[in-house]
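Chain by chain, the residues:
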Amino acid sequence: MINILIIIGFVLAKELIEDTFFQNLGNRRLSNGNESGPPLPMSIYIQLLKYIAPLLFAIAIKTTKRWAKNEAAQKEAANIKLQSELQHLHYQLQPHFFFNSLNNIYSLVDISPDQAKTSIHGLSKLMRYMLYETNVELVPLSKEIEFMKKYIDLMKLRLSDKTIVHYNFPNKETDIKIAPLLFISLIENAFKHGVSATKESEICIEMSVDGGTVNFTTKNGNFPKKTDDKSGSGIGIPNIKKRLDLLYPNKNSFHTEVENNLFTTQLTIETT
C-alpha cells in the first residue's frame, strides 16, 4: 500500500514538473534572439532528478524492508536462545531438587522407616508438580505456595527438636501468576545450611504480596557445609540469579547477607 502511494505521488510530481518546465520544451523557437524554456543544463538536471529520485526511494524502501527482516530474525534468534537457556536452567533445577530430597529421605531409612515411606510419598507429589505443571511460562502463585508448604513439611520430618521452622505465606487468593520454581532453591538452601546436628537452630520463611509485588525472605543460622559434604550440588543460588535476570530483568531485587551468624535472603519480584 505504501509503495502504491509513493508511485502515485511520483507520477503526480512528474506531471507537475513537466507542465511547469517542459510544456514548450519540444517546440523551442528563437524569439528576439532568446531561446524559450529553461536553460539546457537545468533541463538535463531536472530530467535526471525525475528518474533518479524514484530509484533512490525504491532502494531506500528495499533497504528498510531488509533491515526490518534482519531485526525480526535477530529478535527471534534471541528469543529462541532465551527459551533454550531457561529450559536448561529448569532441567538443571529438577535433578538438583530430586537428589537433595532423596539425600534427606535416605537419612530417615534406618532411623524411622515409617517417616521415610511418608517422605517418599510426599516427594512423589512434589515431583509430579515439577514434571507436569511447571513446563509453562507462568503458574498461579497459589500453586507455588502449596508446593513450597509441602516441601517444608517434608523437610521437617527429618529434623530433631533442636530445630524450629516457622513459615508464613499469604492465605488470601490472588490472581498473581509467576515463573515457576523461583523460591524453592532459597528454601532448600535454608534447610541445607541452616540446620546443625549439635546446636539449636531456627529457620524462618516468609512471603508477602503487595499489589503485584511479591516479597520473599528466608532467615536461618549460618552453618556452612564442609567441602567434602556432597548433600546437594550447590547450584541453587546461581541458578535463581540467572533465572531472575532472564525472566524479570529490571523487575527483581535479590540480596543475601550474613550478620551475627544469621544468613538472610531477600527477594522482591514485580509481576506487573
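Notes on the structure follow. (Residues numbered from 1 in each chain as written. Predicted model: local features only at pLDDT ≥ 70, side-chain atom pairs only at ≥ 80, totals over all residues. Heavy atoms only, no water.)

1. A short note on the overall build of the protein chain
Step number 1: A count of helices and strands for the protein chain gives six helices and nine strands.
Step number 2: Out of the 272 residues in the protein chain, the part that is buried amounts to 32%.
Step number 3: In the protein chain, of all internal contacts separated by at least 6 residues, the share reaching a separation of at least 24 is 71%.
Step number 4: Summed over all atoms, the accessible surface of the protein chain reaches about 17,600 Å², with 56% contributed by carbon and sulfur. (Helix = DSSP H or I, 4+ residues; strand = E, 2+ residues; numbered from the N terminus. Buried < 20%, exposed > 50% of the residue type's maximum accessible area, 1.4 Å probe, protein only. Contact = heavy atoms within 4.5 Å. Areas by Shrake-Rupley, 256 points an atom, 1.4 Å probe, with all protein chains shown as cover.)

2. Considerations on the sheet that holds strand E9 (residues 262–270)
Step number 1: In spatial order, the strands read E4-E6-E7-E9-E8; together these five strands make up an open sheet with mixed pairing. Two strands in the sheet have a free side with no partner beyond their single neighbour: strand E4 (163–168) and strand E8 (252–259). Direction aside, neighbouring strands of the sheet carry axes that sit 5 degrees apart on average.
Step number 2: In this sheet, strand E7 (residues 213–221) lies alongside strand E6 (residues 201–210) in antiparallel orientation, the contact comprising eight bridges. Its bridge partner lying in E7, Cys204 is registered against Lys219.
Step number 3: Helix H5 (residues 184–193) rests against E4, E6, E7, E8 and E9 of the sheet, and its axis sits at about 10 degrees to E7. (Pairing = 2+ DSSP bridges. Axes fitted to C-alpha atoms, helices over the stretch in contact; angles between N-to-C directions.)

3. Observations regarding the pairing of E8
Step number 1: Taken together, the eight bridges between E8 and E9 define a ladder with antiparallel strand orientation. Paired with His255 across the bridge in E9 is Gln266.

4. Things to note about the nonpolar core
Step number 1: Phe183, Phe191 and Phe216 are the most contacted members of the largest nonpolar core, which has 44 residues in total.
Step number 2: Every element with two or more residues in this core is listed here: helix H2 (40–109), helix H3 (113–132), helix H4 (141–156), H5, E6, E7, helix H6 (236–247) and E9.
Step number 3: When residues in this core are grouped by element, the largest group, eight residues, is from H4.
Step number 4: Setting aside residues no more than four positions away along its own chain, Phe191 makes contact with Tyr151, Ile152, Met155, Leu159, Val165, Ile203 and Ile205. (Core = buried A, V, L, I, M, F, W, Y, C linked by side-chain atoms within 4.5 Å.)

5. Brief notes about the packing of aromatic side chains
Step number 1: The final tally for this structure, using the stated rule, is four aromatic pairs.
Step number 2: With a centroid separation of 5.8 Å and an interplanar angle of 50 degrees, the aromatic rings of Tyr167 and Phe169 are classed as tilted.
Step number 3: Relative accessible area serves as the criterion here: at 4%, Phe169 is assigned to the buried category.
Step number 4: For the ring pair Phe183 and Phe216, a centre distance of 4.9 Å and an interplane angle of 45 degrees mean the geometry is tilted. One end of the pair, Phe183, is in the loop between strand E5 (177–178) and H5; the other, Phe216, is in strand E7, with 33 residues separating them in the sequence. (Phe/Tyr/Trp six-rings, centres within 6.5 Å; stacked < 30°, edge-to-face > 60°.)

6. Remarks on H3
Step number 1: The end-to-end C-alpha separation of H3 is 29 Å, in line with the 28 Å expected for 20 residues at 1.5 Å each.
Step number 2: Those residues of H3 lying buried are Ala116, Ser119, Leu123, Leu126, Met127, Tyr129 and Met130. In a view along the axis of H3, the buried residues occupy a sector of 150 degrees, so they form one face of it. Residues of H3 that are exposed and point over 90 degrees away from its buried face: Asp114, Lys117 and Tyr132. (Expected span 1.5 Å × (residues − 1). Arc of directions from axis to C-beta.)

7. Focus: unusual backbone geometry
Step number 1: Phi is positive for Asn250, which is not a glycine, with a value near 65 degrees.
Step number 2: As for its position among the elements, Asn250 is in the loop between H6 and E8.
Step number 3: Residue class for Asn250 comes out exposed when judged on its relative accessible area of 80%.
Step number 4: For Asn260, which is not glycine, the phi torsion reads 55 degrees and is therefore positive.

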